[in-house]
Amino acid sequence: MGEVTNVMEYEEIAKQKLPKMVFDYYASGAEDQWTLAENRNAFSRILFRPRILIDVSKIDLSTTVLGFKISMPIMIAPTAMQKMAHPEGEYATARAASAAGTIMTLSSWATSSVEEVASTGPGIRFFQLYVYKDRNVVAQLVRRAERAGFKAIALTVDTPRLGRREADIKNRFTLPPFLTLKNFEGLDLGKMDEANDSGLASYVAGQIDRSLSWKDVQWLQTITSLPILVKGVLTAEDARIAVQAGAAGIIVSNHGARQLDYVPATIMALEEVVKAAQGRVPVFLDGGVRRGTDVFKALALGASGVFIGRPVVFSLAAEGEAGIRKVLQMMRDEFELTMALSGCRSLKEITRNHIVADWDAPRAALPAPRL
């Protein structure tokens with residue numbers, strides 16, 4: 001096998017390396033997997049309107065997220081059970097994110113605890129939260145994340161029940177016996193029982209609160225001073241409510257196409273959410289981001305940054321920490337090149353005029369400027 005030259009190539013390497021049950025868990029989407037394909041395909045319906053003859057000898061990719069300075073608007077999304085991919089799991093991910101100067105989001109269902117991840121050294125980290133039926137568990141977890149130096153909570157709001165992932169049902173997916181959901185180990189919630197279908201689906205049905213509502217978003221703000229990002233918003237209506245409810249930011253996400261199938265690609269839902277947020281909170285996107293061009297398109301549509309999920313676990317499976325570092329570097333390099341070739345020297349120079357989407361009205365030609 002030759003050198004890896006893009007992020008997508010890690011998927012095939014991971015497929016060859018991982019047990020089928022594990023690869024299928026990471027790779028699959030819900031039901032027909034229409035949204036899984038659409039998350040990627042939708043990016044190809046947006047084209048560039050590059051501006052030429054601009055001095056692009058110096059390009060600045062840096063940005064701030066919730067006041068934290070990062071090297072680029074590309075961050076790591078929460079993905080569960082990373083030690084299934086590689087023995088170093090979330091430790092490797094934390095070190096790679098820190099080395100790249102970007103943010104890692106740790107999953108509630110990590111195979112390493114918030115304290116263990118914090119022990120890898122400095123870095124800006126967010127904590128993804130699932131709300132359990134037992135609110136004492138939630139309060140304790142949020143407190144531990146705060147104490148471990150995590151800077152924000154990404155509250156997943158699209159999972160009152162687990163989506164139907166048929167590969168997991170066929171494979172009778174369960175967490176391998178040598179691993180635990182480390183954040184819940186001491187609470188006797190760290191193990192997953194074998195089930196007749198997906199062990200994770202059964203675990204969610206037993207533990208995750210289906211009654212979760214906007215009042216809980218307000219409750220969360222009473223137990224923590226950390227900013228709360230609402231992850232899983234796809235409509236203008238919910239974007240408006242999120243802002244009113246005190247969210248510090250919104251993540252436009254369809255859970256990697258793993259929850260409700262036939263929801264739009266996140267890049268298609270992004271603009272309506274951005275417009276509804278009216279600049280009052282930053283809006284981020286995850287889902288299908290595999291190229292620097294995808295990052296540029298998201299920012300042109302108003303996103304403040306993107307998160308990547310599957311590329312992280314696939315590269316982790318393939319090459320451990322070095323694989324994730326390479327993914328972050330390739331994404332950065334491609335994004336920087338896209339900016340240069342589009343005539344943008346900083347993120348604030350990326351505008352809606354740098355792209356044309358196939359849903360745009362034909363544009364009237366502007367009068368030629370006098371030179």
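All of these numbers come straight from a predicted model, not from anything done at the bench.

What follows covers empty space enclosed by the protein. Any empty space left between the atoms is revealed when a probe the size of a water molecule rolls over them. The full count for this structure, using the stated rule, is 2 cavities of 30 Å³ or more. Among the residues making up the lining of the largest cavity, the classes are represented as 13 nonpolar, 10 polar and 6 charged. Of the volumes computed, that of the second largest cavity is approximately 40 Å³. Surrounding the second largest cavity, Val7, Met8, Glu11, Arg290, Arg310, Pro311 and Phe314 form its lining. Sorting elements by how many residues they give to the lining of the second largest cavity places helix 13 (residues 310-342) first, with 3 residues. In terms of residue class, the lining of the second largest cavity is built from 4 nonpolar, no polar and 3 charged.

Across the two faces of strand 9 (residues 249-252) the burial is the same, with Gly249 and Ile251 and Ile250 and Val252 all buried. Bridge count for strand 8 (residues 228-233) against strand 9 is 4 bridges, and the pairing is parallel. Bridge pairing links Val230 to Ile250 in strand 9. Direction of pairing for strand 9 relative to strand 10 (residues 283-286): parallel, over a ladder of 3 bridges. Across the sheet, residue Ile250 finds its bridge partner in strand 10, namely Val283.

Bringing the side chain of Glu90 into the picture now. Relative to the helices and strands, Glu90 is located in helix 4 (residues 89-100). If near-sequence neighbours (up to four positions away) are discounted, Glu90 is found in contact with Met81, Gln82, Lys83, Met104, Leu106, Ala110, Thr111, Ser112 and Val117.

Moving on to the UniProt feature "active site" (unreviewed entry) in the chain. Here the UniProt feature "active site" (unreviewed entry) sits at His255. Those residues within four positions of His255 in sequence are excluded, and the remaining contacts are Tyr130, Thr156, Asp158, Thr159 and Arg165.

Its boundaries defined by the atoms lining it, the largest pocket holds a volume of some 430 Å³. Looking at the largest pocket, it is lined by 23 residues, and the ones nearest its centre are Val157, Asp158, Thr159, Pro160 and Gly232. Looking at the lining of the largest pocket, the elements with two or more residues in it are helix 9 (214-223) and strand 8. Considering each element in turn, the lining of the largest pocket owes the most residues, 3 residues, to strand 8. Tallied by class, the residues present in the lining of the largest pocket amount to 13 nonpolar, 7 polar and 3 charged.

Parameters and conventions
- Residues numbered from 1 in each chain as written.
- Predicted model: local features only at pLDDT ≥ 70, side-chain atom pairs only at ≥ 80, totals over all residues.
- Heavy atoms only, no water.
- 1 Å grid on protein atoms, 1.4 Å probe; cavity = no way out; pocket = protein on both sides within 12 Å on 5 of 7 lines; lining within 4 Å.
- Points joined across faces, edges and corners; volume = space filled by probe spheres on them.
- Nonpolar A, V, L, I, M, F, W, Y, C, P; charged D, E, K, R; others polar.
- Helix = DSSP H or I, 4+ residues; strand = E, 2+ residues; numbered from the N terminus.
- Buried < 20%, exposed > 50% of the residue type's maximum accessible area, 1.4 Å probe, protein only.
- Pairing = 2+ DSSP bridges.
- Contact = heavy atoms within 4.5 Å.
- UniProt positions renumbered as here; feature names shortened; annotations may be inferred.

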